[in-house]
Amino acid sequence: MSNTENGMQCRQIITKAVTGKGRKFSQATHSIQPPDNISSILGCWIINHHYEASRVGDSIEVLGSYDINIWFSFNRNTKTEVANQTVRYVEQVPLSYFDSHVREGTTEVSAVATQPPNCIEATIAQDGSVLVRVEREFYVEMIGETKVCVAVCPGDCDDWDDKGFVGSEMGAEGDARDFEDLDPDLVIDDLND
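Every residue gets a number counted from 1 within its own chain, in the order that chain's sequence is written. Given that the model is predicted, a residue must reach a pLDDT of at least 70 before its local features are reported, and side-chain atom pairs must reach 80 or more before they are shown or counted; all residues, however, enter totals for whole chains, interfaces and linings. Only heavy atoms go into the side-chain values, all of them from the structure, while hydrogens and water stay out.

Peer 1: How do you make sense of the pairing of strand 3 (residues 59–74) when you look at a structure like this?
Peer 2: Most of strand 3 sits out of view: 14 of its 16 residues are buried. In this analysis, strands are considered paired if DSSP registers two or more bridges between them. We count a stretch as a helix when DSSP gives it H or I for four or more residues in a row; a strand needs E for two or more, and each element gets its number in order from the N terminus. Examined bridge by bridge, strand 2 (residues 38–56) and strand 3 share 15 bridges and lie antiparallel to one another. Bridge pairing links Ser-54 to Glu-61 in strand 3. Looking at chain direction, strand 3 and strand 4 (residues 79–94) are connected through 16 bridges and run antiparallel. When the sheet's bridge partners are listed, Phe-74 is paired in strand 4 with Lys-79. Following strand 3, the chain reverses through four residues before pairing antiparallel with strand 4; Asn-75 in that reversal takes a positive phi of roughly 55 degrees. Only protein chains enter the accessibility calculation, which uses a 1.4 Å probe; a residue whose area is less than 20% of its type maximum is buried, one above 50% is exposed, and one in between is partly exposed.

What follows is the structure, encoded as structure tokens:
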């Protein structure tokens, strides 16, 4: 009789999983020089936000750009115009969770602007430039291949359709508390096997 027919066994499988994630909120101040001496700021908004993310070491680097538009009055508030400037930025998002067991060369990175760049204040500086304060926030994930250990039941899967499993029963949504004390080192083996 082979060892595979003796009962429950464990088997390693390779699967894609979230192997890193992080979030970062930041503020930046940009100095924009309008073409004329301005009297007052009538509005400021940000458009054309574009970004891409890549893994750099144990963090995610977000490279992006956006256009800042400033609607202002000049000539003693008798004329208006819009000034536009493209701003480029680099944001390093640290990973609050990182699985070091990920297989090299299998990672994919995604970033979502949970707070797209937004102007929270625009003021006229003493030198005539406009100081624009911008806030933004990113949520990043790294997905990669990793090993997990699963229980393998003997026989066919149809043998278990009408049988209950011994242990804690989970409802339709499951119970996250059942997994709070799981040690990932117990289910993830060294990838260099």
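So that's the structure; there's more coming.
Peer 1: Looking at this structure, how should I read unusual backbone geometry?
Peer 2: Comment: phi is negative for the bulk of residues other than glycine, and the bulk of peptide bonds are trans. Phi at Arg-76 is positive, roughly 60 degrees, even though this residue is not glycine. Counting through the fold element by element, Arg-76 comes out in the loop between strand 3 and strand 4. Looking at Arg-76, the relative accessible area reads 77%, which means it is exposed. At Asn-77, a residue that is not glycine, the phi angle is positive and equals roughly 60 degrees. Among the structural elements, Asn-77 can be located in the loop between strand 3 and strand 4.

Peer 1: Can you help me understand the nonpolar core in this one?
Peer 2: Looking at soluble globular proteins, one finds that nonpolar side chains tend to be buried together. One finds Val-62, Tyr-66, Ile-68, Ile-70, Val-132 and Val-140 to be the most contacted residues of the largest nonpolar core, which totals 25 residues. Elements represented by at least two residues in this core include exactly strand 2, strand 3, strand 4, strand 6 (108–124) and strand 7 (130–152). When sequence neighbours within four positions are dropped, the list of residues in contact with Val-62 reads Tyr-51, Glu-52, Ala-53, Tyr-89, Val-90, Glu-91, Val-93, Ala-111, Phe-138 and Val-140. We call a set of buried Ala, Val, Leu, Ile, Met, Phe, Trp, Tyr and Cys residues a nonpolar core when their side-chain atoms join them within 4.5 Å. The criterion used for residue contact is that any of the two residues' heavy atoms lie within 4.5 Å.

Peer 1: How should I be thinking about the pairing of strand 1 (residues 9–32) in this particular structure?
Peer 2: Taken residue by residue, a regular strand's side chains alternate between the two faces of the sheet. As judged from the 23 bridges shared by strand 1 and strand 7, these two strands associate in the antiparallel manner. When the sheet's bridge partners are listed, Lys-21 is paired in strand 7 with Glu-141. Here strand 1 runs beside strand 5 (residues 97–98); their pairing, made up of two bridges, is antiparallel. Within the sheet, the bridge partner assigned to Gly-20 lies in strand 5 and is Phe-98.

What is shown is where atoms sit, not what they do.
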